[in-house]
Amino acid sequence: MKKFYALAVAALVFISQWATAQADLSYYLPKDVTYNKEIPTPKDILGYQVGEWHVSHDQLVMYVRQMAQVSDRISIEEYGRTHENRPLYLLTVTTPENHKNIQSIKEQHKKLTDPGASGNLDTKKMPGVVWMGFSVHGNEPSGSNASLLSIYHLAAAQGPDIEKLLSETIILIDPSINPDGLNRFASWVNTHRGKNLVTDPNSEEFAEAWPRGRSNHYWFDLNRDWLPLQHPESRGRLAKFHEWKPNVLTDHHEMGTNSTFFFQPGIPSRNHPLTPAKNYDLTKKIAGFHAKALDKIGSFYYTEESFDDFYYGKGSTYPDVNGAIGILFEQASSRGHAQESVNGVLSFPFTIRNQFTTTLSTLEAVQNMREELLAHQRDFYKESIKEAKKAPVSAYVFGSDKDKARAYHLAEIIKQHQIDIYRPKENFTVNKVTYTPENSYIVPTNQPQYKLIEGMFERRTSFQDSLFYDVSAWTLPLAFNLEHANLTSKNFKGSLLGQKLETVDFPKGQLVGGNSAYAYAFEWHGYYAPRALNTILGKGLQARVASEKFTGAEGKQFDYGTILIPVAGQSLNPEQIQQLMAQVAQDNGITVYAMNTGFTSGINLGSPGIYNLNQPKIAMLIGDGVNSNDAGEAWHLLDNRFNINTSLVNAASVNNIDLSRYNVLVMADGSYNTITENGKNRLRIWIQQGGTLIAMGNATRWLAGNKIGNFSFKKGEESEQSRKPYALMSNTNGAQVIGGAIFETDIDLTHPLGYGYYNSKLPVFRDNTLFMEPSSSPYANPLVYTAKPLLSGYISKPNLKQLGNSVAINISALGSGKVIAMTDNPNFRAFWYGTNKLFLNSIFFGQIISGNSARAEEEAHD
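Residues numbered from 1 in each chain as written. Predicted model: local features only at pLDDT ≥ 70, side-chain atom pairs only at ≥ 80, totals over all residues. Heavy atoms only, no water.

What am I meant to see in the pairing of strand β11 (residues 344-347) here?
A regular strand places its side chains on the two faces of the sheet in alternate fashion. As paired elements, strand β10 (residues 338-341) and β11 share four bridges and run antiparallel to each other. Paired with Gln339 across the bridge in β11 is Leu346. Turn length for the β10-β11 hairpin, with the two strands adjacent in sequence and antiparallel, is two residues. (Pairing = 2+ DSSP bridges. Helix = DSSP H or I, 4+ residues; strand = E, 2+ residues; numbered from the N terminus.)

When you look at the nonpolar core in this model, what are you seeing that I'm missing?
One broad rule of soluble globular proteins: the nonpolar side chains tend to lie buried together. Judged by nonpolar contacts, the single largest core of 163 residues is most densely connected at Phe398, Phe522, Ile563 and Tyr672. Ignoring anything within four residues of it in the chain, the contact list for Ile563 reads Tyr520, Ala521, Phe522, Trp524, Leu533, Ala543, Arg544, Val545, Leu613 and Phe845. (Core = buried A, V, L, I, M, F, W, Y, C linked by side-chain atoms within 4.5 Å. Buried < 20%, exposed > 50% of the residue type's maximum accessible area, 1.4 Å probe, protein only. Contact = heavy atoms within 4.5 Å.)

How do you make sense of empty space enclosed by the protein when you look at a structure like this?
Using a probe with the size of a water molecule, rolled over the atoms, empty space left in the structure can be pinpointed. Tallying each qualifying case throughout the model produces four cavities of 30 Å³ or more. Computed from the structure, the largest cavity encloses a volume of approximately 80 Å³. In terms of lining residues, the largest cavity is bounded by Val764, Phe765, Leu783, Tyr785, Ala808, Ile809, Met822, Asp824, Asn825, Pro826, Thr835 and Leu838. Secondary structure elements with two or more residues in the lining of the largest cavity: β33 (761-766), β34 (783-792), β35 (807-814) and α24 (833-845). Residue composition of the lining of the largest cavity, grouped by class: nine nonpolar, two polar and one charged. Counted as a void, the second largest cavity has a volume near 60 Å³. Lining the second largest cavity are His272, Phe310, Gly455, Glu458, Arg460, Ser472, Ala473, Trp474, Thr475 and Ser792. (1 Å grid on protein atoms, 1.4 Å probe; cavity = no way out; pocket = protein on both sides within 12 Å on 5 of 7 lines; lining within 4 Å. Points joined across faces, edges and corners; volume = space filled by probe spheres on them. Nonpolar A, V, L, I, M, F, W, Y, C, P; charged D, E, K, R; others polar.)

In this structure, what is going on with the pairing of strand β20 (residues 519-522)? I would like to understand it.
The alternating pattern of β20 places Ala519 and Ala521 on one face and Tyr520 and Phe522 on the opposite face, and all of these are buried. When β20 meets strand β25 (residues 591-595), the two strands line up antiparallel, connected through three bridges. Its bridge partner lying in β25, Ala519 is registered against Met595. Here four bridges tie β20 to strand β24 (residues 563-566), and the two strands are oriented antiparallel to one another.

Explain the environment of Gly119 here, please?
Mapped onto the secondary structure, Gly119 falls in the loop between α6 (102-110) and β4 (128-134). The spacing of Gly119 and Asp379 is 260 residues in sequence and 9.5 Å in space, taken between C-alpha atoms. Those residues in contact with Gly119 that sit more than four places away from it in its chain are Arg378 and Lys382.

For this particular structure, what's the right way to read the packing of helix α4 (residues 57-70) against helix α7 (residues 142-156)?
Two quantities define a packed helix pair, namely the angle between the helix axes and the distance between the axes. The interhelical angle for the contact between α4 and α7, taken along N-to-C directions, is 10 degrees, at an axis separation of 11 Å. It follows that α4 is roughly parallel to α7 by the angle criterion. Contacts between α4 and α7 pair Leu60, Tyr63, Val64 and Met67 from the former with Ser144, Ser147, Leu148, Ile151, Tyr152 and Ala155 from the latter. Across the contact of α4 with α7, the residue classes tally to eight nonpolar, two polar and no charged. (Axes fitted to C-alpha atoms, helices over the stretch in contact; angles between N-to-C directions. Parallel < 35°, antiparallel > 145°, perpendicular 65-115°, else oblique.)

Laid out in structure tokens, this is it:
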């Protein structure tokens, strides 16, 4: 014990001494290595020592470009651009001789993933491939700053050891996975850095402003986007990943300031069952190299106690289902240049050194385990094919006859993961659903990416562990709300497969019936129908929505929510309107119909049941207390995908700004404590005057607590046990968390919020324990959880009982306006295409919901 205490004190002193001192290269680099003086150091290019300042992305770009110019060991390529148009770079580091043969090395390496060709490869002569990914979270900057040292070391180190390493290894370096977030954070901490470093945690340097630099431009966590691929950073990176198929991928992160250093493996019981046990064994063997390296420099660490490898959308987990080893590093964060912690003063240089040290230990492990890692990759894909042949599911089919765009987007994602996908050769029916070559896709399981396919399509409700670091379910056909089926050997034959798709094309829209002097109509089923409507309203045209079904003169049946555009009385002439209708049909993959008479069956086109629509003028409340991820997902949907202008308004501004310029307010999950009593009254008045307020997650609880609308929630059941073991507290409480699972709801297809849906059963994503009571009005609960709602994922039995028959969407009327309360986020991570329409319907059709259908204003103040 005395020896341990002495080591701990020594380590704290060692950490603290670097809190104010400037660290030069000798602090970071190995002591037994000489460096080529012709290669510039980071300070030669940047003008300061690594760790003295936080590197901005433009400085990082300048550095990597110059290093690629001066070193024949480095090549550089741009693999994409961020939303803010910052370049994304991948550096390839190896010997000049390997560079000359890089294409053949790459092609030979990829053959390891082809079970039909990998058996003939001699892995003894093949280099290993390692991918180094730094700072996917922009405010975890020790990774990107360590990349400066990694690049310098690999370019300038001399001697037989480095030559051997580079000869036997292809090193791929992504120095900044999230340039937009990195730059945002660097600007903050550098702006608040003094000449003399201040370590007080209360200093503004450590109080990063909302939305903080963790996320990308649209406030998404890019470390959850490896599977759904909704952002350009992820799509570009994944293309390079599959171009190389690395053996090991490192993912450099930071955690709380009072922590130490973590490296995988994580908690063994929290690995995904599709990941082979060999992956864990190899990860643990590599961990020995990290431990040895960190012991050498006196850094404390831990492993196998935190984090998991379950969700395949994370950077350190996605490689595990692709025959590689993903490794998560988590370094205690200084969150600035130097900050006090329970372990002493934690300096930025210290955090960088740990990241750099484990970069080198990874390279040492890959070099020493090269043949074993190459063999694992080959065996992984051979075993995958064997498992696929024995699997009960031979193929998955999915599609939609009424909305080809959603099916297209899912097929687009699948294709990017190097999965073969086909059109059906002819029509066929499964479970009373007919799939056609025009509206459907088939994914056979008998292919090398079998495990990843299973990870995308499976429904899982039983688990070894009840705690999850992230979501427990992400079944993609459910997320897209598509018709789908598992095809077994009984109902799947190779003859079902038609065209193998090399590319996936956006569905073609069309204008049916040519020119009309009367009206045009399109149904609301299409995913991009809201974008079409927004374009039409943006041109100053009048548009209406049908609250009933009707049948046109040619026999075409139109569903609830059909959009009608009259020709007469518009600001454009008939020819211009016809051209616009043809364009919006093409751009949005929808079918627009020319209507030549209003004498339709059902309701007529002049019916009072067809309502005029106003163009939404949207403000979304943001700022302190608001969940930036949820807010960003709504912003991304509206701005990036649907071209709908959205004002981002700080929630505190509600206290004094003129709200009358908006007709829709959006409140993402959050607390909204910056809104004063005066602001709350202003909100009530705005709603009473006809505004539509859309609230999600805990924003609904905030509204209920402040009597803005009338909503109530179920209370959790009290535990029957008065005494439990203290050691079980963390796991017991954690098991009651809904980290993310998929549930079945029932939607009222006749309600304006249900327009465009054609199946009353709707899968939704949930990651909270808000259980809403039904409204006393039977017409104000358009979305309700079914009695047995679990479709995929983990939920505790008490929570499942609470969730059954609870309300997912409740509507309350205040004066002429509406408050639409959603317990869940319909825009989760941008890949929940199936529930986006709930949010968009609230925006476009909240204005037409009858006040008599919801609770009256007087009820809200009872």
